[in-house]
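Each chain, written out:
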Amino acid sequence: MDAEERGLFAKSLEHATARHTGAELDAALAELGWRDAFAADPRAAVATLFELQGATATTSGALDVVLADALGPGPASAPGPDGGVGVVLPALGASDPPGRVEGDRLVVRGLGTADLARRSGVLVVAPSADGAIGEPGGLVALVLDPADLDLRTVDGIDPRLGLVTVAADVARSSGTRLDGVAGGAPDWAAAVDAGRRALAHELVGASRAMLELARQHALERVQFGRPIAQFQAIRHKLAESLVAIEAADGALAAAWDDPSPTASAIAKAIAGRSARTVARHAQQVLAGIGFTTEHSLHLYVRRVLVLDRLLGGAGALTLELGDDLLAARSLPAMLPL
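Model, not experiment: these values are computed from the prediction. (Residues numbered from 1 in each chain as written. Predicted model: local features only at pLDDT ≥ 70, side-chain atom pairs only at ≥ 80, totals over all residues. Heavy atoms only, no water.)

**Section: the packing of aromatic side chains**
A complete count under the given rule lists one aromatic pair for this structure. Over the aromatic face of Trp256 sits the side chain of Arg197, whose NZ or CZ is 4.8 Å from the ring centroid. (Phe/Tyr/Trp six-rings, centres within 6.5 Å; stacked < 30°, edge-to-face > 60°. Lys NZ or Arg CZ within 6 Å of the ring centre and 35° of its normal.)

**Observations concerning the confidence of the model for the protein**
For the protein, the mean per-residue pLDDT works out to 89, and 90% of the residues sit at or above 70. Segment residues 75–83 is flagged for pLDDT under 50; beyond a separation of four residues in sequence, or across chains, it makes 25 contacts in the model. In the predicted structure, residues 131–137 sits below a pLDDT of 50 and forms eleven contacts with residues beyond four places in sequence or in another chain. (pLDDT = per-residue confidence, 0-100. Contact = heavy atoms within 4.5 Å.)

**A look at the pattern of salt bridges**
The tally for this structure, following the rule as stated, stands at twelve salt bridges. Residue Glu212 is joined to Arg215 by a salt bridge in which the shortest nitrogen-to-oxygen separation is 3.0 Å. With Glu212 and Arg215 both in helix 7 (residues 188–220) and three residues apart, this pair spans about one turn of that helix. Given a relative accessible area of 34%, Glu212 falls into the partly exposed group. (Salt bridge = Lys/Arg side-chain N within 4 Å of Asp/Glu carboxyl O. Helix = DSSP H or I, 4+ residues; strand = E, 2+ residues; numbered from the N terminus. Buried < 20%, exposed > 50% of the residue type's maximum accessible area, 1.4 Å probe, protein only.)

**Focus: the packing of helix 5 (residues 62–71) against helix 7**
Across the interface, helix 5 lies against helix 7 with an axial gap of 7 Å and an inter-helix angle of 150 degrees. Relative to helix 7, the element helix 5 is oriented roughly antiparallel. In the packing of helix 5 onto helix 7, the handedness of the crossing is right-handed. Only Trp188, Ala190, Ala191, Ala194, Gly195, Ala198 and Leu199 of helix 7 make contact with helix 5, whose side of the interface consists of Leu63, Val66, Leu67, Ala70 and Leu71. Partitioned by chemical class, the residues of the contact of helix 5 with helix 7 number eleven nonpolar, one polar and no charged. (Axes fitted to C-alpha atoms, helices over the stretch in contact; angles between N-to-C directions. Parallel < 35°, antiparallel > 145°, perpendicular 65-115°, else oblique. Left-handed = near helix turned anticlockwise from the far one by under 90°. Nonpolar A, V, L, I, M, F, W, Y, C, P; charged D, E, K, R; others polar.)

Listed below in C-alpha cells is the structure:
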C-alpha cells in the first residue's frame, strides 16, 4: 500500500474500532477487507489495527489470523470462518505450545481469544512425542472441533478482553492433522514472533491512549489558580511517558525490519514495560479520579496488565534475553540507524 492507501485504510479501521468490538468488529474487518490488506502488507495491516484496538480497548479475532498465517500454509488455509482458524494460545506468561501428545491422546491447556468459540476449527500445536512429524521432539498441528474443547470465560482483571481458558483431553484421531512447510512441522517460533509484534502494537496503542487521558486532565485540572500541566512534576511524568512510548515504537520498527526472535522479544518486553510505566504515571497525574470506574483509565490499565503477560511478560522476556546473551557471549548485530 502507498501512503494515500494506508491513510484511507487507517481512517476506515479507526471508524470501525470506534464503533464495534468482538464479533461486530470482526464483521466490519471482513467488510473492509482487512485480511486482504494483511496478505498484501502485513506490517501496515497489523500495526494499524492492533494500535487502534489498544487505543479503543476493543477486541477482534485478528490475533488468530496473525498466528495462523505465521504457522505455515497448512494452518493458514485450514477450514474456518473466512478461511481462517482459531489458535490456542499458551497460558499467561508462557510461550510454549499449549498442547502435548501422550500416546494416542492430545492434551490441551491454554487460552483462546473471544473469537475461538465462533470458529469452525481450532488449531492446537503440540510437541510430537513419537516423532511422526519431522524429527523426534518436533511439532504437530491438529485442528479440533470447538465442541471437543472445554472453553470457559476468564472473568479476571479484564473480562472485556473476552479471553477463554481452553482444556481438552481427546484422541489424536479426533483432530485433522495439518502439514506445514518445514519437514511437515508448523512454525511455532514464527507464530510467537508474529504474535508478540501484534501484541506490542496493541500495548503501544493503549499507552498512547493513557497518555492522552493524562494530558487532557493536566490541561483541564486547575490547582492554585493554574492548570496542573504547568507544574514541573506533572510535566516530568508526561514527558517520561512519551519517551517510554517512543522507545517501544522504535523497538517495534526494528522488529519489523529484522523479524528475528530476539528483536520480537525485545519489542514485546519494551512495549510491556513501557505500558506499565505510562499506566503508573497516568494514574498519578489523574489522582483520585483515575481510581474510579467512571473514568476510562481503568479499562486501559486492566488491558495492558493482561496483554503484557500474553506470549511472555516483560520481566520473563528480559530474563530470557539476558540468559541467551550470557550463553552466546555476544550481542546481536545492531540495525543501521
